[in-house]
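Remarks on the overall topology
These are the residues of each chain, in order.
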Amino acid sequence: MLVLGIDTSCDDTAASIVDKGTSVISSIVSSQNEIHSKYGGIVPELASRRHLEMLWPVVDEALYKAGAVLDDISAIAVCQGPGLIGSLLVGVCFAKSLAYVKNIPLIAVNHLEGHIFSSFLQKEKPEFPFVTLVVSGGHTSIYEVRGFGKYIEMGRTLDDAAGEAFDKVAKLLQLGYPGGPFIDSLSEEGDPKAILFPRPNINKGLDFSFSGLKTAVLTHIKKEPLAKKQDIAAGFQAAVVDVLVDKTIAAARNRNIKRIVLAGGVSANRELRQGMEKRAGNEDIKTYLLPADLCTDNAAMIASAGFFHFKEGDIAKFNLNPKAYLPLGLPASDI
Ligand code: KG4
Ligand code: ZN
């Protein structure tokens, strides 16, 4: 049962063919990094225009690589949000038109649910319940996942997402965009203890806050213009990782859950992966890690989550609209 997944939530144009929600047949991602890097961040209008140019060729390539044609597709799953509204609009309109013309069921998928479902594309799949940290350029949240469609938000960022902080600090250090991978590799040459940046909100519940940390880096750069970039990168990364690991472990402990899934672009970070595995291991908690191409935005994750919606008969109507703000699951206070 083949599902065509489409994601245009941010600055990657992605299409994928997934069989039975778990097996990736093809996955194409057309990155816009070259377009946005000269601005040090995403320019939403340029992102939507590029999606418009690239979406058809990307879908075509995903079908071609899978050896499939549209008549072989059982459902079209599209990311409805959250994300940049202009970018989402391109994907949703395209998916609606294709579904209408070819008479294929249309499925709406939340981008965050997609990130969570990336873990079902792996050979070793996590059993329910598990705790997941979804950490990317737009989101930083901890969920308890009790089953398909049963998500409880345990914590979230109150300001910047962790990936956003990586990107902004990389911009301050003039490293390039997106900043996460640059900081990740530069940190290897630095001393994480040379500069002790604050660990925001570390002992205060499960919510995150990263905007103060970014300001602390800026203040340090102004005060110590000769400080080594490597040490700044390593010190900043260590602070982010400490907070992410600490709160995710606290969430798992709180629910007595022995499985943690890392998802989203920042979960490609070397130190986060090592730190989480080490701390979780000490508490007999298993950490599920994804390969880098399933951490960052892709459409296989949308097709996977879409398959499970399809199985439940959750078909979208043709009046489906994209949503820039689309929370996932219930906040802990509502259960
Ligand atoms: O999941 P994603 O592709 O898009 C969103 O949904 O936001 O995540 C992109 C984010 C960017 O902020 C990027 O800098 C960050 O993930 N990122 C990393 C690494 N690789 C990507 N951050 C830290 N270390 C990395 N290795
Ligand atoms: Zn994402």
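These remarks concern the structure in this document. (Residues numbered from 1 in each chain as written. Chains lettered and ligands numbered in written order. Predicted model: local features only at pLDDT ≥ 70, side-chain atom pairs only at ≥ 80, totals over all residues. Heavy atoms only, no water.)

Thoughts on the coordination of the zinc ion (ligand 2)
Ideal geometry at a metal centre: 109.5 degrees between donors when four sit tetrahedrally, and 90 or 180 degrees when six sit octahedrally. Applicable threshold: With water excluded from the atoms, a metal site may look incomplete; its donors are any N, O or S atoms within 2.8 Å, or within 3.2 Å for Na, K and Ca. Square planar and octahedral sites, with four and six donors, are those where opposite donors lie more than 155 degrees apart and all other angles lie between 65 and 115, tetrahedral sites have four donors with every angle between 85 and 135 degrees, and the rest are irregular. Only runs of H or I of at least four residues qualify as helices and only runs of E of at least two qualify as strands under DSSP, and these elements are numbered from the N terminus. Throughout, exposure labels follow a simple rule: accessible area from a 1.4 Å probe, protein chains only, divided by the maximum for the residue type, with under 20% read as buried, over 50% as exposed, and the rest as partly exposed.
At this site the zinc ion (ligand 2) is bound by His 111 (NE2), His 115 (NE2) and Asp 297 (OD), with donor distances of 2.0 to 2.1 Å. Geometry at the zinc ion (ligand 2) is irregular, judged from the four donor atoms that bind it and their angles of 94 to 141 degrees at the metal. Read in sequence order, the donor residues for the zinc ion (ligand 2) give the motif H-x3-H-x181-D. Here His 115, found in helix 4 (residues 111-117), pairs with Asp 297, found in the loop between helix 10 (292-295) and helix 11 (300-311); they are 182 residues apart in sequence, far enough to count as distant. Neither His 115 nor Asp 297 differs from the other in exposure class; each is buried.

Examining the pattern of salt bridges
Convention followed: Within this document, salt bridges are pairs made up of a side-chain nitrogen of Lys or Arg and a carboxyl oxygen of Asp or Glu, the two lying within 4 Å of each other.
Taken as a whole and assessed by the stated rule, the structure comprises 17 salt bridges. Between Arg 50 and Glu 53 there is a salt bridge whose closest N-O contact spans 2.7 Å. In this pair, Arg 50 and Glu 53 both sit in helix 2 (residues 44-66), three residues apart, roughly one turn of the helix. On the basis of relative accessibility, which here comes to 28%, the residue Arg 50 falls in the partly exposed class. The closest approach of N and O atoms between Arg 253 and Glu 283, which form a salt bridge, is 2.7 Å. On the criterion of sequence distance, the pair formed by Arg 253 in helix 8 (residues 229-255) and Glu 283 in the loop between helix 9 (270-282) and strand 10 (286-288) is long-range, its members being 30 residues apart. By relative accessible area, Arg 253 is classed as partly exposed at 49%.

Thoughts on the site of ligand 1
Basically, it comes down to this: Here a residue counts as near a molecule or strand whenever at least one of its heavy atoms sits within 4 Å of it. The definition of a polar contact used here is a pair of N or O atoms within 3.5 Å, where within protein one atom must be able to donate a hydrogen and the other to accept one, and adjacent residues in sequence count solely through side-chain atom pairs. Polarity classes work like this: nonpolar for Ala, Val, Leu, Ile, Met, Phe, Trp, Tyr, Cys and Pro, charged for Asp, Glu, Lys and Arg, and polar for all others, with Gly in that last group.
Taken together, 21 residues lie near ligand 1, and Gly 137, Asp 167, Gly 180, Asp 184 and Asp 297 sit nearest. One of the side-chain N or O atoms of Ser 136 is found 3.4 Å from an oxygen atom in ligand 1. Residue Asp 297 places a main-chain N or O atom 2.9 Å away from an oxygen atom belonging to ligand 1. Of all elements in the fold, only helix 4, helix 5 (162-172) and helix 6 (179-187) reach the threshold of two or more residues within the shell around ligand 1. Among the elements that make up the shell around ligand 1, the one with the highest residue count is helix 6 (four residues). The residue makeup of the shell around ligand 1, split by class, is six nonpolar, 12 polar and three charged.

Some details on the sheet that holds strand 5 (residues 106-110)
Strand pairs in the sheet, formed through backbone hydrogen bonds, run parallel or antiparallel to each other. Threshold: Strands pair, by our definition, only if DSSP identifies at least two bridges between them. Here, axes are lines fitted to C-alpha atoms. For helices the fit covers the stretch in contact, and angles between N-to-C directions go from 0 to 180 degrees. Any two residues whose heavy atoms approach within 4.5 Å at even a single point are treated as in contact.
Spatial ordering of the open sheet is given by 3-2-1-4-5, a layout of five strands whose pairing is mixed. Of all the strands in the sheet, just strand 3 (23-31) and strand 5 have a single pairing partner and so form its edges. The mean angle between the axes of side-by-side strands here comes to 20 degrees, regardless of whether they run parallel or antiparallel. Strand contacts of helix 2: strand 1 (2-7), strand 2 (12-19), strand 3 and strand 4 (73-81), with the helix running at about 25 degrees to strand 2, the strand carrying the most contacts. Against the sheet, helix 3 (residues 85-102) engages strand 1, strand 4 and strand 5, with an angle of about 155 degrees to strand 4.

A closer look at the packing of aromatic side chains
Note the following rule: The aromatic pairing rule takes the rings of Phe, Tyr and Trp, using the six-membered ring of Trp, and pairs them if the centres are within 6.5 Å, calling planes under 30 degrees apart stacked, those over 60 edge-to-face and the rest tilted. Any Lys NZ or Arg CZ that is within 6 Å of a ring centre and within 35 degrees of that ring's normal is treated as a charge sitting over the ring.
Here the structure, examined in full by the defined rule, presents 13 aromatic pairs. Where Phe 307 meets Phe 308, the ring centres are 5.3 Å apart and the plane angle is 85 degrees; that geometry is what we call edge-to-face. Across the pair, exposure class does not vary: Phe 307 and Phe 308 are buried alike. Grouped by ring-pair contacts, the aromatic residues Phe 117, Phe 120, Phe 128, Phe 130, Phe 148, Phe 307 and Phe 308 constitute a single cluster. When the ring centre of Tyr 288 is taken as origin, the NZ or CZ atom of Lys 286, which lies over that ring, is 5.0 Å away.

Notes on the nonpolar core
To be explicit about the condition: Take the buried residues of types Ala, Val, Leu, Ile, Met, Phe, Trp, Tyr and Cys, join any two whose side-chain atoms come within 4.5 Å, and each joined set is a nonpolar core.
Ranked by internal contacts, the top residues of the largest apolar core, which has 42 residues, are Phe 197, Phe 236, Leu 244 and Leu 272. Looking at this core, the elements with two or more residues in it are strand 6 (130-135), helix 5, helix 6, helix 7 (211-223), helix 8, strand 9 (259-263) and helix 9. Top contributing element to this core by residue count: helix 8, with 12 residues. Contacts of Phe 236, omitting those with residues within four sequence positions, involve Ala 165, Phe 166, Val 169, Ile 183, Phe 197, Leu 213 and Val 217. Within the second largest apolar cluster, 32 residues are counted, among which are Val 3, Leu 112, Phe 120 and Phe 307.

Quick notes on helix 5
An α-helix turns once every 3.6 residues. As a result, residues three or four positions apart point the same way. Buried within helix 5 we find Ala 162, Gly 163, Ala 165, Phe 166, Asp 167, Val 169 and Ala 170. Positive backbone phi, at 55 degrees, marks Gln 174, one or two positions downstream of helix 5.

So, the pairing of strand 8 (residues 150-156)
Burial within strand 8 is extensive, with five of its seven residues counted as buried. As paired strands, strand 7 (residues 140-147) and strand 8 are joined by six bridges and run antiparallel to one another. Paired with Gly 147 across the bridge in strand 8 is Lys 150. Where strand 7 folds back on strand 8, the antiparallel hairpin that results is connected by two residues, among which Gly 149 adopts a positive phi of roughly 80 degrees.

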